[in-house]
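Structural characterization, general
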Amino acid sequence: MSQITITGASVWDGVSEAAYPATVTIEGNKIKKIAKGDGPVDTQGTVIDGSGHTLMPGMVEGHCHPSFTGVGEPWELGQLCPEDHMLKTAQNLRLLLSHGFTSVFEAASAKPMLGVTARDAINAGVLDGPRMRASSPEITTTAGLGDERKRHIYQESFGLVADGPLEMRRVARECVRDNVDNMKINISGDEFVSFARAEITPLEDDELAAFMAVARKYGKTVAAHARSSESVKMAVRHGVDCIYHCDFADEEALDMLEDAKDRVILGPAFGLVHNATREGEIAGITKEVAEELNLNRKFDATCATYHEIRKRGLRVAVGGDYGFAVTPMGQNARDLEHFVTYFGYAPVEALKCATHVGAQLMQMEDQIGQVKEGFLADLLLVKGDVTKDVSLVQHQDNLTMIMKDGVLFKDPRTGFNKGGLIRAAE
Ligand SMILES: [Zn+2]
């Protein structure tokens, strides 16, 4: 079997505090050997010179909506016809891989089958894209985040609406039948929902209990939208696996999260909060609109919460709700720098969130998220030292090599994204 060997790079392996020189050999879709040090190595097959680069694990996008296609308002997602929507979703997935994300944890699909179809096409080799855990749409209640219906006109939504335990069971079972990996439930509202702001908790306990019972029975992971303090507590009480946002978590909610830290992973989805408050003008979110929607309060609350969550040692995934007009898909890696700038993370801590923690979220902790012998070869060669400056991963020009499953999606010898498909096994 032929091999690809990467020499001269500084290896940051996904778990260590510092990078080290090593030669890394890939055979088939796996990392075969890591020879630490600078010494000469016996190289066969293709050799890639990684001098001046960091070799690191491919990144995991932990709050990703590949089917959010740059719309200004969420309701616009309901206006796209499924055929067009599928193509745009496929385009986003290719874009994500070309930005160094070799895995995505889908945080809700904008229509029921978009994520599932994309995942299966990627796994079948029909579509270029990251590894994917496919999600259900956002499941919500009447008058919850994701209920975009109107009294006077037929209007598709991006959410699936269910009221009461019986309907929750039915909708959850329909998503199981669709063959999703994750189920997404909206427990709290959000600032941009006029009738259900962020600190309102539309979902009832019995609805969440019914939903969770179905998810558990079929072995699905559950991710929740939870901005209000009460929604965070409900998510912990009912055993939600991945709790997003948590902006307004009070002391009691933080204590509950800390007690559950071995089973819960959090995701601030901060890109959207950041861009809407700091760069909203490009999408019509003026300073006045931001003020009216209380966005600055949400910004400050999120920063305070994640300083605290970091101190308490909770696991946090990177991923910023990209896919709106104000958060263009492809900017996703900016969130690593946000962790450092706004939440007080050291660069290596932020990198771990985007790799090792992401792998745990993907339920692939023993296969991805590390440069380790026997692990799947999802690898990036990044110009410079990412352990000192995480902003390096934001720029495609710095991503000299992108490898997923042993395949060079971006080949450093040509610089082209999959200009020629090179599989280590070939
Ligand atoms: Zn989201």
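The structure displayed is predicted, hence computed values, not measured ones. Within any chain, residue numbers begin from 1 and follow the written order of that chain's sequence. For this predicted model, a pLDDT threshold of at least 70 governs which residues receive local features, and a threshold of 80 or more governs which side-chain atom pairs are given and counted, while totals over whole chains, interfaces and linings are taken from all residues. With hydrogens and water set aside, each side-chain value is computed from the structure's full complement of heavy atoms.

Regarding its fold elements, the chain presents twelve helices and 20 strands. In this setup the radius of gyration rests on C-alpha atoms only. A globule is expected at 2.2 Å times the number of residues raised to 0.38. Scaling as 2.2 N^0.38, a compact globule of 426 residues should have a C-alpha radius of gyration of about 22 Å, and the chain matches this with 21 Å. Contacts between residues were defined by any pair of non-hydrogen atoms, one from each residue, lying within 4.5 Å. The long-range fraction of contacts in the chain, counting pairs at least 24 apart against all pairs at least 6 apart in sequence, stands at 68%. Per element, the accessible surface of the chain, about 16,300 Å² overall, is 50% carbon and sulfur. Positive: Lys, Arg. Negative: Asp, Glu. His and the chain ends are not part of the count. Charge positions are represented by NZ for Lys, CZ for Arg, CG for Asp and CD for Glu. The distance from the centre of the 45 positive side-chain charges to the centre of the 61 negative ones in the chain is 4 Å. We count a stretch as a helix when DSSP gives it H or I for four or more residues in a row; a strand needs E for two or more, and each element gets its number in order from the N terminus. The accessible surface values rely on the Shrake-Rupley method and a 1.4 Å probe; as for residues, cover is taken only from the protein chains in view.

Moving on: the pattern of salt bridges. Should a side-chain nitrogen of Lys or Arg be within 4 Å of a carboxyl oxygen of Asp or Glu, the pair is scored as a salt bridge. The final tally for this structure, using the stated rule, is 29 salt bridges. In this structure, the salt-bridge partner of lysine 32 is glutamate 27, at a minimum N-O distance of 3.6 Å. We note a salt bridge from aspartate 120 to arginine 119, for which the minimum N-O separation is 2.9 Å. Judged by its relative accessible area of 6%, arginine 119 is buried. Put simply, Glu251, Asp255, Glu258, Glu308, Lys311 and Arg312 are held in one network by salt bridges that share partners. A 1.4 Å probe rolled over the protein chains alone gives each residue an accessible area, and that area as a share of the maximum for its type sets the label: buried under 20%, exposed over 50%, partly exposed in between.

Let's shift gears to the pairing of strand S19 (residues 407-410). Strands qualify as paired when DSSP identifies two bridges or more between them. Bridge count between strand S18 (residues 399-404) and S19: three bridges; the pairing is antiparallel. Looking at the pairing, lysine 404 lines up with valine 407 of S19. In sequence, S18 turns back onto S19 through a hairpin of two residues, with aspartate 405 there showing a positive phi of about 55°.

This part is about the packing of helix H7 (residues 270-278) against helix H10 (residues 334-343). Here an angle of 0 to 180 degrees is reported between the N-to-C directions of two axes, which are lines fitted to C-alpha atoms, with helices fitted over the stretch in contact. Between H7 and H10, whose axes approach to 10 Å, the crossing angle comes to 75°. Judged on the interaxial angle alone, H10 and H7 are roughly perpendicular. Judged by residue contacts, Phe270, Gly271, His274, Asn275 and Arg278 of H7 engage Arg334, Asp335, His338, Tyr342 and Phe343 from H10. Taken together, the residues of the contact of H7 with H10 sort by class into three nonpolar, four polar and three charged. Each angle receives one of four descriptions, namely roughly parallel if under 35 degrees, roughly antiparallel if over 145, roughly perpendicular if within 65 to 115, and oblique otherwise. Amino acids are sorted into nonpolar (Ala, Val, Leu, Ile, Met, Phe, Trp, Tyr, Cys and Pro), charged (Asp, Glu, Lys and Arg) and polar (every other residue, Gly among them).

With that out of the way, let us pick up the coordination of the zinc ion. The rule for donors is simple: N, O or S, within 2.8 Å of the metal, or within 3.2 Å if the metal is Na, K or Ca. Water isn't counted, so a site may look like it is missing partners. The zinc ion binds to the protein through His63 (NE2), His65 (NE2) and Asp321 (OD), with metal-donor distances spanning 2.0 to 2.1 Å. We note that the donor set of the zinc ion lies within a single chain, spaced as H-x1-H-x255-D. Each member of the pair histidine 63 and histidine 65 is classed as buried.

What follows concerns the environment of serine 2. By the secondary structure assignment, serine 2 is in the segment before strand S1 (3-7). Linking serine 2 and glutamine 44, residues 42 residues apart in sequence, is a C-alpha distance of 7.4 Å.

Attention now moves to the environment of glutamate 281. In this structure, glutamate 281 sits in the loop between H7 and helix H8 (287-292). Overall, the relative accessible area of 48% leaves glutamate 281 in the partly exposed class. Setting aside its immediate chain neighbours within four residues, glutamate 281 contacts Thr286 and Lys287.

Turning next to the sheet that holds strand S8 (residues 101-106). Taken in spatial order, the three strands of this open sheet run S7-S8-S9, and their pairing is parallel. Edge positions in the sheet fall to strand S7 (59-64) and strand S9 (131-133), since each of these pairs with one other strand and no more. Geometrically, the sheet is characterised by an average inter-axis angle of 15° between neighbouring strands, direction not taken into account. Examined bridge by bridge, S8 and S9 share three bridges and lie parallel to one another. Its bridge partner lying in S9, serine 103 is registered against arginine 131. Along the sheet face, helix H1 (residues 82-98) touches S7, S8 and S9 and points at about 130° away from the line of S8.

Another point: the sheet that holds strand S12 (residues 182-186). The seven strands lie next to each other as S11-S10-S12-S13-S14-S15-S16, forming an open sheet whose pairing is parallel. In this open sheet, the two strands that pair with only one neighbour each are strand S11 (159-161) and strand S16 (315-316). Judged from the four bridges that link them, strand S13 (residues 221-226) and strand S14 (residues 242-245) form a sheet pairing that is parallel. Residue pairing across strands places alanine 226 opposite histidine 245, the latter belonging to S14.

What follows concerns the domain arrangement of the chain. How big an interface is tends to be stated in terms of the accessible area lost upon association of its parts. Segment limits for the domains were obtained from an automatic or database-derived domain assignment. Looking at the assigned domains, one finds that the chain contains domain 1 (3-58 + 369-423) and domain 2 (59-361). Two parts placed together each lose some accessible area under a 1.4 Å probe, and adding up what both lose gives the buried area. Of the roughly 2,400 Å² buried between domain 1 and domain 2, counting both surfaces, carbon and sulfur atoms make up 62%. Summed over the three residues of domain 1 that lose the most area to domain 2, namely Val390, Gln394 and Lys404, the buried surface amounts to 26% of that side. The interface formed by domain 1 and domain 2 includes three salt bridges. The residue aspartate 378 makes a salt bridge to arginine 131 at a minimum N-O spacing of 2.7 Å. Two N or O atoms form a polar contact when they lie within 3.5 Å of each other; inside protein one atom must be a possible hydrogen donor and the other a possible acceptor, and for residues adjacent in sequence the pair counts only when both atoms belong to side chains. At the junction of domain 1 with domain 2, the criterion picks out eight residue pairs in polar contact (both at pLDDT 80 or more). Elements that contribute at least two residues to the side of domain 1 that touches domain 2 include exactly strand S6 (53-57), S18 and strand S20 (417-423). Element by element, the count of residues in the side of domain 1 that touches domain 2 is highest for S18, at four residues.

The subject of this paragraph is the packing of aromatic side chains. Each aromatic pair joins two rings of Phe, Tyr and Trp (for Trp, the six-membered one) with centres within 6.5 Å, and gets the label stacked for planes under 30 degrees apart, edge-to-face for over 60, and tilted for any other angle. Going through the model one piece at a time under the given rule, you end up with nine aromatic pairs. For the pair phenylalanine 68 and phenylalanine 158, a centre-to-centre distance of 6.4 Å together with 80° between the ring planes defines the contact as edge-to-face. Of this pair, phenylalanine 68 sits in the loop between S7 and H1 while phenylalanine 158 sits in the loop between strand S10 (135-140) and S11, and the two are 90 residues apart along the sequence. Per residue, the accessibility class of phenylalanine 68 equals that of phenylalanine 158, and both read buried. Aromatic side chains phenylalanine 339 and tyrosine 345 sit 5.1 Å apart centroid to centroid with 55° between the ring planes, which places their arrangement in the tilted category. The rings of Phe270, Phe299, Tyr306, Phe339, Tyr342, Phe343 and Tyr345 are connected pair by pair, giving a single aromatic cluster.

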